[in-house]
Amino acid sequence: MLDNGYSNFQFCGIFVQRQLDDPTTVSNLWNYLTFVAFVVVSALIPIRKRLCSRKVKTKEDYVFGAGHISMLAMMLSIARGTLGVISVLGYPSEFFYRGTAMWETLYGMITAYPIVCFVFIPVYFDLGITSVYQYLELRFNSRLVRCLASGTYILRTLLSLGVTIYTPTVALNTIIGVPYWASLLCITCISIFFNALGGMKAAVAADVIQSLSMTAMLVGIVIYCSVKSGGVDQIIAVGAQHGRMNFFNFAADLHLRVTTTSAWLGELFMSLSLLGCQQNFVQRYLSMPTLRKIRQTMLVNIPLVVVLFSLPWLVGIGIYALYYTCDPLKAGSIEKMDEILPYFIMDYFAKVPGVWGLFVGTLFNGALTLNISNINSLATVTWEDFLTLLPGFRKKTDSYQLTVIKMVGTIYAILILGVGFLVGLLSGVIESSVLVLSATSGPLLGVFILAMFVPFANWKGAAMGMIVSHAVTVWIVTGRMMYVEIYNSLLSTSIDGCVSDAQLLVNSTSYIAVDHMSRVMPLPVPGDSFLYRIYSVSYMYYGVFGTILTVAVGLVFSLATWSSVDAYNTKMLHPAVRWLHERSPFGGKRFGSFDVTKGADKQTPVAKVADKHSVAKVPTKS
């Protein structure tokens, strides 16, 4: 890291003090200029019209982009939101130290896209809702269920964004020695400014810029590593020779960190919850004018997601081919496995003008744009699902609502900053991200399944299912962190290619000792006990178990507590389920619904909610 004009590298186990060019020289000057210029330009382009226009932005324009977002831009934005900046640092290090097992989560991701496209979106599209969680209130006639779902989304997004904004700080700290707190604070301040002037359309534009720049950077690294190692076939051969290509592991052990089964099944449930039940994605779907356009965007997006998801893994394969005989982590050159890509950039491109500046700028801007995009959705959900309940916020003008939403976004930006400081305590950005998503996916996905596919589900069953699922998941996660050794053994690496000397031995030994001692040691629990076996189940299954538990508890409580006051408009069911329900022996009887043309007294609560929000957006039917 940069210290008084010097950068101390311990490359391949040798502590080499390499005097970098003074920052006033051409090389470093170009790097700093590239970093600043990239961040500034990519941040200002999406909001240039807002800066040059005096037109007052409406709430509809801020939330949905007023329906003027192209299909290609939306494709890149959805793909960008699916993968995130975490993949750029996390996946190369994941391959280097654990192999390709986590890559197989791609199976679950691409399986989720058509399910969301044909199952979830048709239910939302014609309702004219601003927050996806309004649907739950329309279905169950319950603010409690809506608030529980919204709270789950808010908690999940705050935690995952904490991981996101922490990610580029690793690169900034490794390459130029910027303290973690300084990077986090800078991202937060820019996010607040951007959130005040931007909106959905600006967020999508920023995602497009970031997707293109990130893709170009990753492709460039893959090409360089291939040329350096003798071709793509050579770098793949090196990875396979050293046990990194570990595909198709169908072991039935639920306690293994990742297998093919857990990767596909776990990611399927996480992606269904993310793409089908999360505000920032549904908000993008509903900004498009027709249902047909949404379907085209989602289905055509699948190959794009495959490419963007696989690129960081190819980067990891290329870097491994260059360092497989001298692991920088084992040699003590880096302190965390996520630093392997920044270390590679500095080792090979430190004196090439503008390269590391562009790399750090891409990561920094990636976290920035994803943070801004999600802050928009967080603030919208908070307004629609919580603040409108308060008497002082009811029946306010459009401009007043927009002002409050922006202020709430500022508060969330500060909260995310606090979470970012805590992320460094976990084992890598991929580990942190998957744990957060998996632990929060079950209750959210489960309640939407109850709403769409279970005609006799009522608000009491839905609420109890979410509460029980949350409680059990928190219990398991807490037990895992307290009683189970969370350090996952890494695949073997070598330092045989490093020059052996006494300094290497001292540095390597001391680093390994500190690394293990710095981790939180678990409390003693017998390894063969029932509780230990529950706590040590792979976190890839948390979303699966949480969803099943939510649905099961919801079914039991709904059957036990159903009454005539739980009647609802069957338009809230999935069309296929509605068709079957109307033709079943119980349709309109024991678990009946009210007719929208009759029984006005019974439908009033739901009808009022629908009428209240129908003006937010009236999409055109395809």
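Residues numbered from 1 in each chain as written. Predicted model: local features only at pLDDT ≥ 70, side-chain atom pairs only at ≥ 80, totals over all residues. Heavy atoms only, no water.

A.B. asks: Quick question: what am I supposed to make of the overall build of the chain here?
C.D. replies: Summing up its helical and strand segments, the chain has 25 helices and 3 strands in all. Looking at the chain as a whole, 57% of its 622 residues qualify as buried. Pairs at least 24 apart in sequence give 86% of the contacts found in the chain among residues at least 6 apart. For the chain, the exposed surface amounts to about 25,000 Å²; the carbon and sulfur share of it is 68%. (Helix = DSSP H or I, 4+ residues; strand = E, 2+ residues; numbered from the N terminus. Buried < 20%, exposed > 50% of the residue type's maximum accessible area, 1.4 Å probe, protein only. Contact = heavy atoms within 4.5 Å. Areas by Shrake-Rupley, 256 points an atom, 1.4 Å probe, with all protein chains shown as cover.)

A.B. asks: Whenever I open this one, the environment of T473 confuses me. Can you help?
C.D. replies: Following the sequence through the fold, T473 ends up in helix α20 (residues 459-483). In this structure the C-alpha to C-alpha distance between T473 and G442, which are 31 residues apart in sequence, comes to 8.7 Å.

A.B. asks: Help me understand the packing of helix α11 (residues 232-241) against helix α14 (residues 291-323) in this model?
C.D. replies: Two packed helices can be described by the angle between their axes and the distance between those axes. Closest axis-to-axis distance for the α11/α14 pair is 9 Å, and the angle between their directions is 75°. On the basis of the axis angle, α11 is roughly perpendicular to α14. From α11, I235, I236, V238 and G239 reach across to α14, where they touch I317, G318, Y320 and A321. Split into classes, the residues belonging to the contact of α11 with α14 amount to 6 nonpolar, 2 polar and no charged. (Axes fitted to C-alpha atoms, helices over the stretch in contact; angles between N-to-C directions. Parallel < 35°, antiparallel > 145°, perpendicular 65-115°, else oblique. Nonpolar A, V, L, I, M, F, W, Y, C, P; charged D, E, K, R; others polar.)

A.B. asks: When you look at a nonpolar patch on the surface in this model, what are you seeing that I'm missing?
C.D. replies: A contiguous nonpolar surface patch, about 330 Å² in accessible area, is contributed by V36, V40, L44 and F193. With 3 residues, the single largest contributor to the nonpolar patch is helix α1 (residues 26-44). (Patch = residues over 30% accessible without salt bridge, like charges linked within 9 Å, V, L, I, M, F, W, Y side chains within 5 Å. Salt bridge = Lys/Arg side-chain N within 4 Å of Asp/Glu carboxyl O.)

A.B. asks: Help me out: how do you make sense of helix α5 (residues 86-98) in this one?
C.D. replies: Because an α-helix completes one turn every 3.6 residues, residues spaced three or four positions apart along the sequence face the same direction. Among the 13 residues in α5, 13 count as buried, and that is most of the element. Within two residues after α5, G99 carries a phi angle of roughly 90°, on the positive side.

A.B. asks: Where do I start with helix α12 (residues 260-277) in this structure?
C.D. replies: Spanning 18 residues, α12 covers 25 Å between terminal C-alpha atoms, matching the ideal 26 Å at 1.5 Å per step. Extensive coverage of α12 is indicated by the burial of 15 of its 18 residues. (Expected span 1.5 Å × (residues − 1).)

A.B. asks: How do you make sense of the pattern of salt bridges when you look at a structure like this?
C.D. replies: If charged atoms from side chains of opposite charge come close, those side chains can pair. The tally for this structure, following the rule as stated, stands at 6 salt bridges. Ionic pairing is found between E137 and R143, a salt bridge with its closest N-O pair at 3.3 Å. Among the residues examined, E137 registers a relative accessible area of 8% and is labelled buried. The partner of R146 in a salt bridge is D385, with the nearest N and O atoms 2.5 Å apart. Residue R146 is located in helix α8 (residues 143-176), and its partner D385 is located in helix α17 (residues 355-385); the two are separated by 239 residues in the primary sequence. You'll find R146 and D385 in the same group, each marked buried. Overlapping salt bridges, with partners in common, bring together E137, R143, R146 and D385 in one network.

A.B. asks: I would appreciate a short explanation of the nonpolar core in the present structure.
C.D. replies: Most often, soluble globular proteins keep nonpolar side chains buried together rather than apart. Grouped together as the largest cluster of nonpolar side chains are 156 residues, with contacts concentrated most on Y135, L136, Y285, F344, F359 and F448. The element that contributes the greatest number of residues to this core is α14, accounting for 16 residues. When near neighbours in sequence (up to four residues on either side) are disregarded, L136 contacts N141, V145, R146, A149, V447, F448 and A451. (Core = buried A, V, L, I, M, F, W, Y, C linked by side-chain atoms within 4.5 Å.)

A.B. asks: Which parts of the structure should I look at to understand unusual backbone geometry?
C.D. replies: When glycine is set aside, most residues are seen to have a negative phi, and most peptide bonds are trans. Even without being glycine, N141 reaches a positive phi, approximately 55°. Its place among the elements puts N141 in the loop between α7 (134-140) and α8. Of note in this structure, F248 is not a glycine but carries a positive phi near 55°. Counting through the fold element by element, F248 comes out in the loop between α11 and α12.

A.B. asks: Looking at this structure, I do not really get the side chain of S191. What am I missing?
C.D. replies: Checked against the element boundaries, S191 lands in helix α9 (residues 180-197). Look at S191 and you get buried, because its relative accessible area is 0%. A polar contact of 2.7 Å, which involves the side chain of S191, links it to the backbone oxygen of I187. In this structure, S191 is in contact with L368, N371, I372 and I375, ignoring residues within four places of it in sequence. (Polar contact = N/O pair within 3.5 Å; in protein donor to acceptor, adjacent residues only side chain to side chain.)

A.B. asks: Quick question: what am I supposed to make of the environment of L389 here?
C.D. replies: Mapped onto the secondary structure, L389 falls in the loop between α17 and α18 (398-423). For L389, the residues in contact, after removing those within four places along its chain, are R143, C147 and R394.

A.B. asks: Any chance you could explain the confidence of the model for the chain here in plain terms?
C.D. replies: Low pLDDT marks regions whose predicted coordinates should not be analysed in detail. In the predicted model, the chain carries a mean pLDDT of 77, and the fraction of residues at 70 or more is 77%. A low-confidence stretch, residues 501-524 (pLDDT under 50), is modelled with 26 contacts involving residues beyond four sequence positions or located in other chains. (pLDDT = per-residue confidence, 0-100.)

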